[in-house]
Amino acid sequence: MKREIKISPSILAGDFSCLVKEIKKIEKAGVDFFHIDVMDGVFVPNISIGFPVIETMKKITSVPLDVHLMILDPDKYIDRTAEIIKEGIISFHIESVKHPHRVLTQIKSYNGIKGGVSLNPGTSPHTVEDLLDIMDVLLIMTVNPGFYGQKFIKEMLPKIERAREMIEKRNAKTLIEVDGGVNEENIEDIIKAGADIVVAGAYIFKNENPLKAIRNIRKKSGLYGK
Ligand code: DX5
Ligand code: ZN
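This text gives an overview of the structure that appears in the document. Because the structure is predicted, anything quoted here is derived from the model rather than measured.

1. Quick look at the pairing of strand β3 (residues 65-70)
Logical step 1: Within β3, six of the six residues are buried, which leaves the element mostly enclosed by the surrounding structure.
Logical step 2: Direction of pairing for strand β2 (residues 34-39) relative to β3: parallel, over a ladder of six bridges. Within the sheet, the bridge partner assigned to Phe 34 lies in β3 and is Leu 65.
Logical step 3: Each parallel crossover has a hand, and the one from β2 via helix α2 (residues 51-60) to β3 is right-handed.
Logical step 4: When β3 meets strand β4 (residues 88-93), the two strands line up parallel, connected through five bridges. By the bridge assignment, Leu 65 is partnered in β4 with Gly 88.
Logical step 5: The parallel pair β3 and β4 is bridged by helix α3 (residues 75-85), and the resulting crossover is right-handed.

2. So, the pattern of salt bridges
Logical step 1: Enumeration over the complete set of coordinates arrives at 10 salt bridges.
Logical step 2: Note that Lys 24 and Glu 27 form a salt bridge whose closest N and O atoms lie 3.3 Å from each other. Placement of both Lys 24 and Glu 27 in helix α1 (residues 19-27) is noted, with a separation of three residues, approximately one turn of the helix.
Logical step 3: One salt bridge connects Asp 136 with Lys 108, and the closest N-O pair in it is separated by 3.0 Å. Note that Asp 136 is positioned in the loop between β5 (113-119) and β6 (137-141) and Lys 108 in helix α4 (residues 100-108), a separation of 28 residues in sequence.
Logical step 4: Through salt bridges with shared partners, a single network forms among Asp 130, Asp 133 and Arg 170.

3. Comments concerning the sheet that holds β6
Logical step 1: Here eight strands make up an open sheet; going across it, the order is β1-β8-β7-β6-β5-β4-β3-β2 and the pairing parallel. In this open sheet, the two strands that pair with only one neighbour each are β1 (6-9) and β2. Taken pair by pair, the neighbouring strands of this sheet meet at an average axis angle of 25°, ignoring direction.
Logical step 2: In the sheet, β1 pairs with strand β8 (residues 197-200) via four bridges, with the strands oriented parallel. Paired with Ser 8 across the strands is Val 199, a residue of β8.

4. Details of the coordination of the zinc ion (ligand 2)
Logical step 1: Within the first shell, the zinc ion (ligand 2) binds the protein through His 35 (NE2), Asp 37 (OD), His 68 (ND1) and Asp 179 (OD), at distances of 2.1 to 2.3 Å.
Logical step 2: Each of the six donor atoms around the zinc ion (ligand 2) contributes to a set of angles spanning 73 to 172°, which defines the coordination as octahedral.
Logical step 3: Mapped onto the polypeptide sequence, the residues donating to the zinc ion (ligand 2) form the spacing pattern H-x1-D-x30-H-x110-D. Residue His 35 is found in strand β2, and its partner His 68 is found in strand β3; the two are separated by 33 residues along the sequence.

Calculation criteria
- Residues numbered from 1 in each chain as written.
- Chains lettered and ligands numbered in written order.
- Predicted model: local features only at pLDDT ≥ 70, side-chain atom pairs only at ≥ 80, totals over all residues.
- Heavy atoms only, no water.
- Buried < 20%, exposed > 50% of the residue type's maximum accessible area, 1.4 Å probe, protein only.
- Helix = DSSP H or I, 4+ residues; strand = E, 2+ residues; numbered from the N terminus.
- Pairing = 2+ DSSP bridges.
- Right-handed = clockwise from strand over helix to strand, strands pointing away.
- Salt bridge = Lys/Arg side-chain N within 4 Å of Asp/Glu carboxyl O.
- Axes fitted to C-alpha atoms, helices over the stretch in contact; angles between N-to-C directions.
- Donors = N, O, S within 2.8 Å, 3.2 Å for Na, K, Ca; no water.
- Tetrahedral: all angles 85-135°; square planar, octahedral: opposite > 155°, others 65-115°.

Don't take any of this as a statement about function, it's just geometry.
Given below as structure tokens:
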């Protein structure tokens with residue numbers, strides 16, 4: 001069955017000195033989400049975006065926001081994030097919490113917001129199998145989280161396949177999102193392995209022609225037109 005692939009450009013790789021211009025340019029390509037990477041310098045070795053930028057993004061664009069929390073204690077920040085974004089996705093890392101079912105339930109208490117659980121490269125999809133019935137998105141990291149522009153870890157392809165099998169076997173509606181090092185060379189393999197949503201940072205924002213980069217992703221993922 002042909003899946004409808006969604007694209008979520010990661011603004012971490014964008015130029016923050018002209019965020020409005022960057023976003024407006026990318027919007028023209030008709031993307032499905034904007035991916036926002038939130039880092040705390042504890043769960044990952046970097047700090048990045050917080051509420052002021054999420055609020056600014058919400059003002060700039062009507063494209064739903066896809067917030068990727070790479071922080072400890074994500075439950076403390078979910079309510080405020082949900083109140084700002086109103087629609088889209090909020091994902092947290094399974095490795096960052098003791099009670100993932102509770103945290104997912106907290107996200108899903110907001111109508112219109114999808115609840116996502118993310119896996120570091122070293123974490124097996126089976127750790128989240130029992131959450132599938134309430135998990136809207138399974139965010140599979142294909143780099144170690146912390147930075148944009150890293151190399152795709154190709155050993156993650158069989159893991160995406162295993163996650164797809166697990167979801168299908170259970171008849172769950174969970175979408176697979178793939179994040180890290182996505183580009184025109186690996187996109188076909190990623191889609192073939194089972195992705196529904198693809199994140200791309202450097203490949204889009206550091207490209208001399210970002211709109212062409214998005215068109216390439218679409219073309220190679222074999223759906224939307226040209
Ligand atoms: C990594 C982030 C990714 C990253 C993607 O910690 O979660 O979303 O920004 O950027 P690229 O596509 O450049 O790897
Ligand atoms: Zn991310």
